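Inside the fold
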Amino acid sequence: MFTYQDYLNFNTVIDAEKQTETFERIQLSYRTLIALEKLKIPHQWIILAEPFCPDCQVFVPIVEKMARNNSLLQIHYIPRFELENTKYFNNVKQQQLIKKTYSIPSAFEVAEKTTLIYQEFPTIVKERMHQSLDNYQMLRYAYREGAFTDVIEEQLINFIKKKQLIIKG
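These numbers were taken from a predicted model, which means no experiment stands behind them.

1. Overview of the pairing of strand β3 (residues 106-110)
Counting buried positions along β3 yields five of five residues, so the element is predominantly enclosed. As paired strands, strand β1 (residues 43-48) and β3 are joined by five bridges and run antiparallel to one another. Residue pairing in the sheet places Trp45 in a bridge with Glu109 of β3. By the bridge criterion, five bridges tie β3 to strand β4 (residues 114-119) in an arrangement that is antiparallel. Each bridged residue has a counterpart across the sheet, and for Phe108 the counterpart in β4 is Leu116. In sequence, β3 turns back onto β4 through a hairpin of three residues.

2. Quick notes on unusual backbone geometry
Following Ile104, the chain continues into Pro105 via a peptide bond in cis, with omega recorded as -5°. Within the secondary structure, Pro105 is located in the loop between α5 (92-101) and β3. Phi at Tyr102 takes a positive value of approximately 55°, unusual for a residue other than glycine. On the secondary structure map, Tyr102 appears in the loop between α5 and β3. Residues other than glycine seldom take positive phi values, yet Glu120 does so here, at roughly 70°.

Rules and cut-offs
Residues numbered from 1 in each chain as written. Predicted model: local features only at pLDDT ≥ 70, side-chain atom pairs only at ≥ 80, totals over all residues. Heavy atoms only, no water. Buried < 20%, exposed > 50% of the residue type's maximum accessible area, 1.4 Å probe, protein only. Helix = DSSP H or I, 4+ residues; strand = E, 2+ residues; numbered from the N terminus. Pairing = 2+ DSSP bridges.

Take a look at the structure:
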């Protein structure tokens, strides 16, 4: 798997520069920072993403900043062009799931089994997008402009909280 620095080199220098600019602009919410302080159980995520993708340019800074705020959240990146390479996966099932998902950005929790936790857009935004083609275009543009960073954060934090409750028992 790859680090954030490796991720920046998946595509062109221009793509990496755009990603870096977006990274510098995006700030995590206070609510997310507080929730990350409460994270006591390790999480390992695989992020299927590439810097050329405008949707990834919004999503990746959020997960990377979350990981930088709590070392118990470990992030590994993989580009689509490496999906055939078995050396980057724990097992065939994990590789098949990530290959099948294919859309970027996508996030997977790695535990006893690998679970898809985020795919392309936040769930609530996807639901609104499917209501009409006009909604889809408008919401996709708004997403790429960073209008839903709070929704992305909330979906990811809710997954972490749910996972911690399950583990605590």
